[in-house]
Amino acid sequence: MANDLLKRFSFEITSNDFITAGKSSSYIKSNLKSLGIDSKVIRKIAIVFYEAEINLVIHSLGGKIYCDLYEDKIIIISKDIGPGIDNVELAMTEGYSTATDKVRELGFGAGMGLPNMKKYSDIFKIISDKNGTLIELTIFI
Amino acid sequence: MNFSIMFDKEKCRGCTNCMKKCPTQAIRIKNGKAIIDHKKCIHCGECIRACSYGAYSPECIEWKNETNAYKCKIAIPSTTIYGQFPRGTDICVVQNAILKLGFDYVYDESWAAELVAKAIKKKIDNNKDIRPFINTNCPATLRLINIRYPSLTENLIALKTPMEIAGILARNNARKKFNLEDKDIGVFYITPCPAKLLAVTDPIGNLGPSVDWVIPLNKIYGELYQKVVKEDNLICSYPSLSGLKWSVCGGQSKSAKLTNFIAVNGMENVIQILEEIENGKLSGVDYVEVLACVQGCVGGTFNVINPFIASSNNKYILNTLDGEPINSDLECFEKLYNKGFFEFEFPDTESVNKINIKEALKKNEEIKQILAILPGLDCGSCGSPTCLSHAEDIYNGQSTIFECVVLRANS
Ligand code: SF4
Ligand code: SF4
C-alpha cells in the first residue's frame, strides 16, 4: 500500500551544536543513495534536510528531524521545542534572517532556510507558536 | 585500446594499497591479485600513485611507429610541461626538444586554454540562473560526477577541454598552412594525465577525436631531457601566459578573470566539495574548479616532478617569461563562441528505473545484518576496501564471509 510507512530515520538535533551540524544530512544522503533513489530526488532531499538541520541548530532550542520513507514519497518532519517563529510570512521571504552575526560569520544563516525548503519540496507545511515549530516537507519520488 | 592504465599481474603482491586509495571502490583483491571493475573506474590514477611495486603503468602506445603515417605531425604539449624542467630552462629550448622527437610543428595547449577561459567567463556571465558552475576539463572529476553525483550534471559548465580545442585548431591551422588533408595530419598530445588519455580513447559525449595519439609525459621525459640543450637562434612560439595558468589549480579561474570562485584539488577534497554543492550550499559562488590531482594538473600521475615544486616552477615561468604569444585564434573567439564551437554536449545521464523502495530497504537490511557479523575494522584483508563493501560483495555473491581474516582467526 502506497500509504504505509516503510521506514523512519530519526535524528536528535542539539541547539548550537556546530560540531556535529551537517552529520545527519550526510547520513541520510548516503542511506538514500545506497537505496538507489533517483539522484534528482536525493538532491532535493539533501538541500531541504540540510536546511532543516541547520535551522534547528541555529534558531531553535533543539528538536528532532524525521525522515519517513513511503513507496512513492519521502516526508521530512522537523519538530523543535521553541522558541517559535514570530512572523512566519516574513521568515519565508528570501534573504530574511534572524541569525546572529557570529553565526553568519561561520557561513550559515544567510536567511534562505525556509524559502529554500519550500522551493525544493512538493508539499510544504509549517505551524509555529512559542512552544515550537513544526515543518512537514513532502517530496515525491 | 579502451583503458588507460595497464596492470601487470606479476608485479602485484595483493598489498591492498591501491584498493584503499581508489575513490570509487573499483578495486578488489581476489586470490592475492588486484582486479579493477572498469565500469566504476574514473581513471584518476590514484592506484598508479598508491602501488609500491609498479604494477600499474600507463597504457603503452607505440606512437613512434605511427608517426610515419602522417605527412605533418603536430605535438601539443600540455600546459604543465614547462614546469617539469629545472628552473630557468628556456621555453624555446623545451619546444625545440619536442620538435627533435620527430614533430613538424608545436601547437601550445596554453593558446587553447586561453580561449576556453574566455568561454568560461562568457558562459558564467550569460547564465546567471545556474550557480555554481563546475568545470568540465578534468575527465576524472567529470566521471566521478557522472557516477556518484549525477544530480550535479546541470551545474557542469559543459565546455570542451583545452586539449580538445587545441587538437581541432592545430589541425585546422596545419590544413590551411600546408594544404593537407585531415588524414595526413597527426595530432599528438603530450599529457600528465591518465584520465586525458582515456578521454581520447573512450570519449564522453561529443568529445574527440580531435587528438589522434596521447603520449604520457613520463614515457618520453628521458629522451626529451637529453634534447633540452641551449642553441642559438631557436624559433619559438610563445605560450599564452593566461593559458599557462591552467596547469595549477585555481589557474583556470584566474585565466578566466573570475573573482567569485572556489578551487579545490585532490580527490578527497573534491568529494567533500561536491557533497557541499549537493547540499545546495554553494549557490552563491560562480565557479567551482575541481581537479582530481594534488595542486591540479601539475600533480598528474604522468608528471615527473613533485607537484609542489612543479607548481612553483610554473609561477616562476609566469613571472619571468618574456616574448609575445602568437595566438591568432584569439581574434576569432566571438565567432567561434557564437557558433557553439566550445560547447560540450553531454550524454543524458541514464534515467534510473523507478526503484521499489520496499525491496531496496529489504536488501539494505540484509546487508546490515551481514555487516553486524563483520568486525568493523575496515582492514581490507578480505579483498574489499571496507567492511561495508565486503558485506555488499557477500550480498551480491562476489565474496564470502570466510574471506574475513579476523573472523577466521577468532573461530
Ligand atoms: S584509476 Fe582511479 S578509479 Fe580507476 S581503479 Fe585506479 S584508483 Fe580506482
Ligand atoms: S587534475 Fe588534471 S592531470 Fe589530474 S586527472 Fe584532472 S585533468 Fe588529469
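Our subject is the structure listed above.
An account of the accompanying structure is given in this report. Model, not experiment: these values are computed from the prediction.

**What to know about unusual backbone geometry**
Along the chain, G82(A) connects to P83(A) via a cis peptide bond; the corresponding omega equals 10°. For the bond from R131(B) to P132(B), the omega torsion is -10°, close enough to zero to count as cis. With a phi angle near 75°, T16(B) is a residue other than glycine that sits in the positive phi range. Along the polypeptide, T16(B) turns up in the loop between β1 (5-7) and α1 (17-21). Judged by its relative accessible area of 12%, T16(B) falls in the buried class. Of note, Q25(B) is a non-glycine position whose phi angle comes to about 55°, a positive value. Position of Q25(B) among the secondary structure elements: in the loop between α1 and β2 (27-30).

**Topic: the interface of chain A and chain B**
Counting residues at the interface gives 20 residues for chain A, matched by 23 residues for chain B. Around 2000 Å² of area is buried between chain A and chain B when both sides are counted, 51% of it from carbon and sulfur atoms. The largest contributions to the chain A side of the interface with chain B come from K29(A), L35(A) and R43(A), which together make up 30% of the buried area. For K29(A), the salt bridge identified is with E275(B), shortest N-O distance 2.7 Å. Run the count over chain A and chain B and you get 10 residue pairs in polar contact (both at pLDDT 80 or more). Elements that contribute at least two residues to the side of chain A that touches chain B include exactly α1 (23-35) and α2 (39-59) of chain A. Tallying contributions element by element places α2(A) first for the side of chain A that touches chain B, with 6 residues. Tallied by class, the residues present in the side of chain A that touches chain B amount to 9 nonpolar, 4 polar and 7 charged.

**Quick look at the sheet that holds strand β8 (residues 185-191) of chain B**
Residues and elements named next belong to chain B. Overall, parallel pairing links the 4 strands, which are arranged β6-β5-β8-β9 in an open sheet. Each having just a single partner strand, β6 (105-106) and β9 (213-216) make up the two edges of the open sheet. Bridge count between β8 and β9: 4 bridges; the pairing is parallel. Note on β9: the bridge partner recorded for Y189 is V214. Where helix α7 (residues 162-178) meets the sheet, it contacts β5 (72-77), β6 and β8, and its direction lies at approximately 150° from that of β5.

**Considerations on the site of ligand 2**
Contacts to ligand 2 come from C138(B), P139(B), A140(B), C193(B), K196(B), L291(B), A292(B), C293(B), G296(B), C297(B) and G300(B). In the shell around ligand 2, the residues fall into 8 nonpolar, 2 polar and 1 charged.

**A closer look at the site of ligand 1**
Residues in close proximity to ligand 1 total 13 residues, the closest being C22(B), C41(B), I42(B), C44(B) and C47(B). Looking at the shell around ligand 1 residue by residue, the class counts come to 9 nonpolar, 3 polar and 1 charged.

**So, the sheet that holds strand β11 (residues 287-291) of chain B**
Residue and element names in this part refer to chain B. Read from one edge to the other, the open sheet built from 3 strands follows the order β7-β11-β10, with strand pairing classed as parallel. With one partner strand each, in any of the chains shown, β7 (133-134) and β10 (261-265) form the two edges of the open sheet. Pairing geometry for β7 and β11, over 2 bridges, is parallel. Within β11, the residue paired with I134 across the bridge is V288.

Cut-offs applied
- Residues numbered from 1 in each chain as written.
- Chains lettered and ligands numbered in written order.
- Predicted model: local features only at pLDDT ≥ 70, side-chain atom pairs only at ≥ 80, totals over all residues.
- Heavy atoms only, no water.
- Helix = DSSP H or I, 4+ residues; strand = E, 2+ residues; numbered from the N terminus.
- Buried < 20%, exposed > 50% of the residue type's maximum accessible area, 1.4 Å probe, protein only.
- Contact = heavy atoms within 4.5 Å.
- Buried area = accessible area lost by both parts, 1.4 Å probe.
- Salt bridge = Lys/Arg side-chain N within 4 Å of Asp/Glu carboxyl O.
- Polar contact = N/O pair within 3.5 Å; in protein donor to acceptor, adjacent residues only side chain to side chain.
- Nonpolar A, V, L, I, M, F, W, Y, C, P; charged D, E, K, R; others polar.
- Pairing = 2+ DSSP bridges.
- Axes fitted to C-alpha atoms, helices over the stretch in contact; angles between N-to-C directions.
- Near = heavy atom within 4 Å.

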